[in-house]
Amino acid sequence: MKIAIIIGSIRQGRQSQKIAHYLQHNLTGQGHHIDLVDLAATPLPMLEERVGKHPQLPAVVQDLSNRLHAADAVIMVTPEYHGSFSGVLKNALDYFYSEFSRKVVGIVTVSAGKLGGINAATQLQHVILSLGAFPLPTKLLVPEVYGAFNEAQELTSDITTRSAQRFIDEFQWLATAITEKKQQAVTGI
Ligand SMILES: Cc1cc2nc3c(=O)[nH]c(=O)nc-3n(C[C@H](O)[C@H](O)[C@H](O)COP(=O)(O)O)c2cc1C
């Protein structure tokens, strides 16, 4: 599958990219093609109008639209900021709709505290439904993110390691099922 992983943190000294790279490494090892959408490397202007309605859509937005259309499934990684997911991720998502339609979206949140960004995860799930996408019921929460990885970029907590494996298994199961269903609809087989 082609999987887009969106890093929804551009903060100086950010931590969210670590779990994104962990998932990229793991899923690449399982034969998937990963497109890492780093919003720090792809800064989008604040939304003035969405794709399809903007009279002069910025090229960076069109490019990201193309990348998201090409993805079979998506993983969104976000920090918890003030009880929700990041503003930079919301601004990015507001540009799009058809790019996510009928796609499985895995939710990954990080926080400095022990709860792993549960509020961000719950709120992001609602937004994913509004995008016409299928939020994966199994979320991956990364608590105490500043100590969550060792120098080899391995997770230091057994509990989080097991959570990550379950998330990866469930994500692949549902995303593969939906992707195959769409391919059957195209080929008629
Ligand atoms: C503006 C801001 C608000 C935050 N609000 C919360 C919060 O509501 N709950 C929480 O658990 N952590 C909160 N934190 C801590 C972040 O979850 C933590 O810094 C984490 O590393 C953020 O991800 P990042 O490093 O990718 O930015 C906040 C951090 C920032 C910068």
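**Q** What exactly am I supposed to notice about helix H2 (residues 59–70) here?
**A** For an α-helix, the turn length of 3.6 residues means that residues three or four places apart are oriented alike. Look at H2: 17 Å from first C-alpha to last across 12 residues, which is about the 16 Å you get at 1.5 Å a residue. Among all positions in H2, only Val61, Leu64, Ser65 and Leu68 are buried. Considered in projection along H2, the buried side chains sweep an arc of 110° and stay on one side of the axis.

**Q** What exactly am I supposed to notice about the pairing of strand S3 (residues 73–79) here?
**A** In summary, the side chains of a regular strand alternate between the two faces of the sheet. Counted residue by residue, S3 has seven buried out of seven residues, so it is predominantly covered. Side chains Ala73, Ile75, Val77 and Pro79 project from S3 onto one buried face, and the interleaved Val74, Met76 and Thr78 project onto a second face that is buried too. Two strands pair when backbone bridges link them, and strand S1 (residues 2–7) and S3 are joined in this way by five bridges, in the parallel orientation. Of the residues in S3, the one forming a bridge with Ile3 is Ala73.

**Q** Can you help me understand the packing of helix H1 (residues 16–29) against helix H5 (residues 158–187) in this one?
**A** Pairs of packed helices are described in terms of their axes, by the angle between the two and the distance that separates them. The geometry of H1 relative to H5 is characterised by a closest axis approach of 12 Å and an angle of 55° between their N-to-C directions. The pairing of H1 with H5 is recorded here as oblique in orientation. The way H1 lies across H5 gives a crossing that is right-handed. Contacts between H1 and H5 involve Tyr22, Leu23, Asn26 and Leu27 on the former and, on the latter, Thr161, Ala164, Gln165, Phe167, Ile168 and Gln172. In terms of residue class, the contact of H1 with H5 is made up of six nonpolar, four polar and no charged.

**Q** Explain the site of the ligand to me, please; I cannot follow it from the model alone.
**A** Around the ligand sit 15 residues in total, of which Arg11, Gln15, Ser16, Tyr81 and His82 are the nearest. Side-chain polar atom of Ser16 to an oxygen atom of the ligand: 2.5 Å apart, as the coordinates give it. Take Gly83: an N or O atom from its main chain is 2.8 Å from an oxygen atom of the ligand. In isolation the ligand has 610 Å² of accessible area, and contact with the protein removes 74% of it.

Calculation rules
Residues numbered from 1 in each chain as written. Predicted model: local features only at pLDDT ≥ 70, side-chain atom pairs only at ≥ 80, totals over all residues. Heavy atoms only, no water. Helix = DSSP H or I, 4+ residues; strand = E, 2+ residues; numbered from the N terminus. Expected span 1.5 Å × (residues − 1). Buried < 20%, exposed > 50% of the residue type's maximum accessible area, 1.4 Å probe, protein only. Arc of directions from axis to C-beta. Pairing = 2+ DSSP bridges. Axes fitted to C-alpha atoms, helices over the stretch in contact; angles between N-to-C directions. Parallel < 35°, antiparallel > 145°, perpendicular 65-115°, else oblique. Left-handed = near helix turned anticlockwise from the far one by under 90°. Contact = heavy atoms within 4.5 Å. Nonpolar A, V, L, I, M, F, W, Y, C, P; charged D, E, K, R; others polar. Near = heavy atom within 4 Å. Polar contact = N/O pair within 3.5 Å; in protein donor to acceptor, adjacent residues only side chain to side chain. Areas by Shrake-Rupley, 256 points an atom, 1.4 Å probe, with all protein chains shown as cover.

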